[in-house]
Amino acid sequence: MILPMYIFGQSVLRKHAEDIPADYPELKTLLDNMFETLRNAEGVGLAAPQVGLPIRVVVIDLDCISEDQPEFKGYLRAFINGHIIETSDDLVPYEEGCLSIPGLHETVKRPSRVRIQWVDENFEPHDEWFDGFEARVIQHEFDHLEGKMFVDYLSPLRKQLVKKKLVGMTKGQFSCTYKAKPNR
Ligand code: NI
């Protein structure tokens, strides 16, 4: 089932998301729905707050870019109860977008490497470093779990330039190809 996307301005996107217990009801269904919603919106990552749930669940689908980057063939991963443990000291620029901020793309600097701890679908614990595009997507999605969005990183000047667009978005002025949850 495709879930409606919560758009910039929805308060759930600014909440700190909580860990879930191993007996969280219908987790498998939620993960299936999140993967389907992500694929339908042609995105690479989706965090539960983006579908209205303040819980630490993230799905990442890099299979959709595997034509250009064959190493990501079949890459569909769920990160549950994920937390960033440490990052590298460098900062690299990359243009980001977000399914909750349709139509806006801005360059964001982030560390090139990130170490995270999480549990998988079977609640098996993991602790790993990621780099490259994976590290980028993970950091963007894990920010959603802290109520942070990529526009928070923009310079005061860039923030000023996109302000009108963001304010419009909170009033329902945006267009996207996927089902979105209106703010009002
Ligand atoms: Ni996002």
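All of the points below concern the structure found in this document. (Residues numbered from 1 in each chain as written. Predicted model: local features only at pLDDT ≥ 70, side-chain atom pairs only at ≥ 80, totals over all residues. Heavy atoms only, no water.)

### Description of the side chain of Arg110
Relative to the helices and strands, Arg110 is located in strand 6 (residues 106–110). One polar contact links Arg110 to Glu96, side chain to side chain, over a distance of 2.7 Å. (Helix = DSSP H or I, 4+ residues; strand = E, 2+ residues; numbered from the N terminus. Polar contact = N/O pair within 3.5 Å; in protein donor to acceptor, adjacent residues only side chain to side chain.)

### Some remarks on helix 1 (residues 27–40)
Taking 1.5 Å of rise per residue, the 14 residues of helix 1 would be expected to cover 20 Å, and the 20 Å separating its terminal C-alpha atoms lies within 8% of that figure. Among the residues of helix 1, those classed as buried are Leu27, Leu30, Leu31, Asn33, Met34, Phe35, Thr37 and Leu38. Looking at the buried residues of helix 1, the elements they touch are strand 1 (5–6), strand 2 (45–47), strand 3 (57–61) and strand 4 (76–87). Where helix 1 ends, the next residue or the one after it, Glu42, has phi of about 55°, a positive value. (Expected span 1.5 Å × (residues − 1). Buried < 20%, exposed > 50% of the residue type's maximum accessible area, 1.4 Å probe, protein only. Contact = heavy atoms within 4.5 Å.)

### Looking at the pattern of salt bridges
Counted according to the given criterion, the structure contains eleven salt bridges. Across the pair Arg115 and Asp127 runs a salt bridge, and its minimum N-O distance is 2.7 Å. Of this pair, Arg115 sits in strand 7 (residues 113–119) while Asp127 is found in strand 8 (residues 125–131), placing the two residues twelve residues apart along the sequence. The structure contains a network of salt bridges with shared partners spanning Glu96, Arg110, Arg136 and Asp143. (Salt bridge = Lys/Arg side-chain N within 4 Å of Asp/Glu carboxyl O.)

### Looking at the coordination of the nickel ion
Surrounding the nickel ion are the protein donor atoms Cys98 (SG), His140 (NE2) and His144 (NE2), which sit 2.1 to 2.3 Å from the metal. Taken in chain order, the donor set of the nickel ion reads C-x41-H-x3-H. With His140 and His144 both in helix 2 (residues 132–144) and four residues apart, the pair spans about one turn of that helix. Both residues of the pair, His140 and His144, belong to the buried class. (Donors = N, O, S within 2.8 Å, 3.2 Å for Na, K, Ca; no water.)

### What to know about the layout of surface pockets
By volume, the largest pocket amounts to about 420 Å³. Of all the elements in the fold, those that place two or more residues in the lining of the largest pocket are strand 5 (92–96) and helix 2. The greatest single-element share of the lining of the largest pocket, amounting to six residues, is contributed by helix 2. Quantified by volume, the second largest pocket comes out at close to 180 Å³. Lining the second largest pocket are Arg56, His83, Ile84, Lys109, Arg110, Pro111, Gln139, Phe142, Asp143, Glu146, Lys148 and Tyr153. Elements with a minimum of two residues in the lining of the second largest pocket: strand 4, strand 6 and helix 2. (1 Å grid on protein atoms, 1.4 Å probe; cavity = no way out; pocket = protein on both sides within 12 Å on 5 of 7 lines; lining within 4 Å. Points joined across faces, edges and corners; volume = space filled by probe spheres on them.)

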